[in-house]
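Examining the three-dimensional arrangement
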Amino acid sequence: MNAPTKPVMPNDLQNYWMPFTANRAFKQDPRIVVSADGMHYKSDDGRDILDGTAGLWCVNAGHNAPRITQAVQQQVAELDYAPCFQFGHPKAFELANRVSALFPDGMDHVFFTNSGSESVDTALKIALHYHRMRGDAARTRLIGRERGYHGTGFGGISVGGIVKNRMHFGSMLTGVDHLPHTHDLEKNAFAKGCPEHGAEKADALIDIATLHDPSTIAAVIVEPMAGSTGVLLPPKGYLKRLRDLCDRYGILLIFDEVITGFGRLGAATAAEFFGVTPDIITTAKGLTNGVVPAGAVIVSNKIYDSAMENADAPIELFHGYTYSGHPIAAAAGLAALETYREEQMFERVADLSPYWEQAVHSLKGTKHVIDLRNLGLVGAIELAPRESAPGARGMEVMLKAWEKGIMVRVTGDILALSPPFIIKKEQIDQIFNTLADILPTID
Ligand code: PXG
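**Focus: the nonpolar core**
- With 121 residues, the main nonpolar core has Ala-127, Ala-219, Val-220, Leu-242, Leu-252, Ile-254 and Ala-332 as its most contacted residues.
- The biggest single contributor to this core is helix H13 (residues 327–342), with 10 residues.
- A domain split of this core shows at least three residues from each of domain 1 (23–61 + 344–441) and domain 2 (69–342).
- Not counting residues up to four positions away in its chain, the partners in contact with Leu-252 are Ala-127, Tyr-130, Ala-218, Ala-219, Cys-246, Asp-279 and Ile-280.

Dropping the structure here:
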């Protein structure tokens, strides 16, 4: 890694409107990274920053994983771009082969996108298309969940349930309803792994189906583990109950695995981890280790075969993106999956998760902490919000952690941790010892 010797800040920060960022505050006091290797970033003032979040939940194999870096370098010289409408290139097919082999039995077809948001839009459209082409065109309603995050496209914010992500953006898709979220601090605080209480919250689907009539509902979409909203774990039995209800009503079940796909829980998918198979799975992030923007939607054979059989035109699905299955993304994806396999990274997550669990829960009793949650290599520390300034406390911890050389994510007053799978036990200790030092110093 080329360590810079002096800050490499650009002259003017104003031109870049940064996403999901407090732009005015950031530009007063910027946090800039200039390179990365393994578990660490280098900041522009030359400090090593331990990556506690795998970037934004995507750099599962760590930074600059040699196989992936080389694959991208070679691919750009060999085939930089190929049109994906009516033409193909070998690596897109090969990546689809590899992805379907990793995903649950009976889910053997892969549609490529460029992001999680596009994967969600694609999944919702495939669900609507499926019912319509089978002559069940009244099934148009889409059911999401309160506090759900499904990216920032209009489809994703419509089924999503994060108020701030929705309230400024008009009326969104029509015909959408929401299940209640499953977060219940009173009953489940400090549970290790999935909480005991709340499976019955899936039964809200019975009320929704009764209200609208099941024959009008196309799909239910949930994150099997809600990440972005502050790590909300599914109560034991909840996902199975949702699956059974969807089957009862002929509704497609979509798991949004943009975060959980590719190993985060210690199995290739959350579907495998929980033993519940949906009809459609959305992914992105870990597909390419975050190295090239890419996503994939994995659909059941039932859905793909139906599209082929019921097609009313030579083109079966009028949907796609200029960069679907982009050669460089495909090369990065193949190398990422090979790295996960060769270095047994999903097994590593499973092996590390008991150590991780005890590290997360070592913060019990620390000032401000009202809940601790963990699953696989995911951790959350929920802080009591400061009166009249919700979110301020979380933000202050994030800033202090950056000063002390650890990158953490914050959502309101919930700190989220999701390190690369190559993290060492000493580095896990470093994260939680640093947070244990910081929290008592915060008001
Ligand atoms: N679905 C889920 C479940 C996600 O977590 C998306 C869709 C959208 O993906 P794109 O690639 O369009 O951003 C996501 C993204 C965080 C955080 O810190 C989470 C995401 C993105 C950025 C930050 O929790 N998730």
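**Description of the sheet that holds strand S14 (residues 409–411)**
- Here four strands make up an open sheet; going across it, the order is S11-S12-S15-S14 and the pairing antiparallel. If you trace the sheet from one side to the other, it starts and ends with strand S11 (369–375) and S14, each paired once. Direction aside, the axes of adjacent strands within the sheet are offset by 20° on average.
- As paired elements, S11 and strand S12 (residues 378–383) share six bridges and run antiparallel to each other. Residue Val-369 lies in a different strand from S12, and its bridge partner there is Leu-383.
- The strands touched by helix H14 (residues 345–361) within the sheet are S11 and S12, with S11 carrying the most contacts at an inclination of about 175°.

**Focus on the site of the ligand**
- The full set close to the ligand counts 18 residues, and Gly-116, Ser-117, Gly-151, Ser-228 and Val-258 are the nearest of them.
- Residue contributions to the shell around the ligand peak at three residues, all from helix H5 (residues 116–133).
- Residue composition of the shell around the ligand, by class: eight nonpolar, seven polar and three charged.
- Lining the shell around the ligand are residues from two domains, each supplying at least three of them: domain 1 (23–61 + 344–441) and domain 2 (69–342).

**Observations concerning the environment of Val-378**
- Along the chain, Val-378 turns up in strand S12.
- By C-beta crowding, Val-378 is classed as buried, having 24 other C-beta atoms within 10 Å.
- Note: C-alpha distance between Val-378 and Ala-92 (286 residues apart in sequence) is 30 Å.

**Here's the deal with the pairing of strand S8 (residues 252–256)**
- Counted residue by residue, S8 has five buried out of five residues, so it is predominantly covered.
- Pairing analysis gives four bridges linking strand S7 (residues 217–222) to S8, with the strands arranged parallel. Bridge assignment links Val-222 to a residue of S8, and that residue is Phe-255.
- In terms of handedness, the path from S7 via helix H10 (residues 238–249) over to S8 forms a crossover that is right-handed.

**Quick word on the environment of Phe-87**
- For Phe-87, the location among the structural elements is in the loop between helix H3 (66–78) and helix H4 (90–102).
- By C-beta crowding, Phe-87 is classed as exposed, having 7 other C-beta atoms within 10 Å.
- Taking the C-alpha atoms as reference, Phe-87 lies 39 Å from Leu-242; in sequence the two are 155 residues apart.

**Thoughts on the packing of H3 against H13**
- Contact geometry of H3 with H13 gives a least axis separation of 8 Å together with a crossing angle of 155°. The angle between H3 and H13 falls in the class roughly antiparallel. Crossing hand, H3 versus H13: right-handed. Each of Arg-67, Ile-68, Ala-71, Val-72, Gln-75 and Val-76 in H3 lies in contact with H13, whose residues at this interface are Pro-327, Ile-328, Ala-331, Ala-332, Leu-334, Ala-335, Ala-336, Glu-338 and Thr-339.
- Partitioned by chemical class, the residues of the contact of H3 with H13 number 11 nonpolar, two polar and two charged.

**Some remarks on the domain arrangement of the chain**
- Taken as a whole, the chain is organised into domain 1 (23–61 + 344–441) and domain 2 (69–342).
- Counting residues at the interface gives 31 residues for domain 1, matched by 28 residues for domain 2.
- Listing elements by their share of the side of domain 1 that touches domain 2, those giving two or more residues are helix H2 (54–57), H14, S11, S12 and strand S15 (414–417).
- In terms of residue count, the dominant contributor to the side of domain 1 that touches domain 2 is H14 (seven residues).
- Looking at side-chain class alone, the side of domain 1 that touches domain 2 contains 17 nonpolar, nine polar and five charged residues.

**Details of helix H16 (residues 425–438)**
- Across its 14 residues, H16 extends 20 Å between first and last C-alpha, which sits within 8% of the 20 Å expected from 1.5 Å per residue.
- Among all positions in H16, only Ile-428, Ile-431, Phe-432, Leu-435 and Ile-438 are buried. Viewed end-on, H16 has its buried residues packed into an arc of 125°, placing them on one side of the element. Exposed residues lying more than 90 degrees from the buried face of H16 are Lys-425 and Glu-426.
- Tucked inside the fold, the buried residues of H16 contact strand S3 (48–51), H14, S12, helix H15 (392–403), strand S13 (406–407) and S15.

**Some remarks on unusual backbone geometry**
- Residue Trp-57 is not a glycine yet carries a positive backbone phi of 65°.
- Tracing the sequence through the fold places Trp-57 in helix H2.
- On the neighbour-count criterion, Trp-57 (22 C-beta atoms within 10 Å) is buried.
- In this structure, Asn-289 takes a positive phi of about 60° despite not being glycine.
- Positionally, Asn-289 belongs in the loop between strand S9 (280–283) and strand S10 (295–299).
- Take Asn-289: there are 29 C-beta atoms within 10 Å of it, and that puts it in the buried class.

**Overview of the sheet that holds strand S2 (residues 40–43)**
- Overall, mixed pairing links the four strands, which are arranged S1-S2-S3-S13 in an open sheet. The strands lining the two open edges of the sheet, one partner per strand, are strand S1 (33–37) and S13.
- Of the pairings in the sheet, the one linking S2 to S3 comprises three bridges and is antiparallel in character. Bridging across to S3, Lys-42 finds its partner in Asp-48.

**Considerations on H4**
- Taking 1.5 Å per residue as the helical rise, H4 with its 13 residues ought to reach 18 Å, and the 19 Å between its terminal C-alpha atoms agrees with that figure.
- Within H4 the residues assigned to the buried category are Lys-91, Ala-92, Leu-95, Ala-96 and Val-99. One side of H4 carries all its buried residues, which in axial view fall inside an arc of 140°. In H4, those exposed residues whose orientation departs by more than 90 degrees from the buried face are Pro-90, Asn-97 and Ala-101.
- Here the buried face of H4 lies against strand S4 (109–113), S10 and H13.

About the thresholds
Residues numbered from 1 in each chain as written. Predicted model: local features only at pLDDT ≥ 70, side-chain atom pairs only at ≥ 80, totals over all residues. Core = buried A, V, L, I, M, F, W, Y, C linked by C-beta atoms within 7 Å. Buried ≥ 20, exposed ≤ 12 C-beta atoms within 10 Å, placed from the backbone. Helix = DSSP H or I, 4+ residues; strand = E, 2+ residues; numbered from the N terminus. Domains from an automatic or database assignment. Contact = placed C-beta atoms within 7 Å. Pairing = 2+ DSSP bridges. Axes fitted to C-alpha atoms, helices over the stretch in contact; angles between N-to-C directions. Near = placed C-beta within 6 Å. Nonpolar A, V, L, I, M, F, W, Y, C, P; charged D, E, K, R; others polar. Right-handed = clockwise from strand over helix to strand, strands pointing away. Parallel < 35°, antiparallel > 145°, perpendicular 65-115°, else oblique. Left-handed = near helix turned anticlockwise from the far one by under 90°. Expected span 1.5 Å × (residues − 1). Arc of directions from axis to C-beta.

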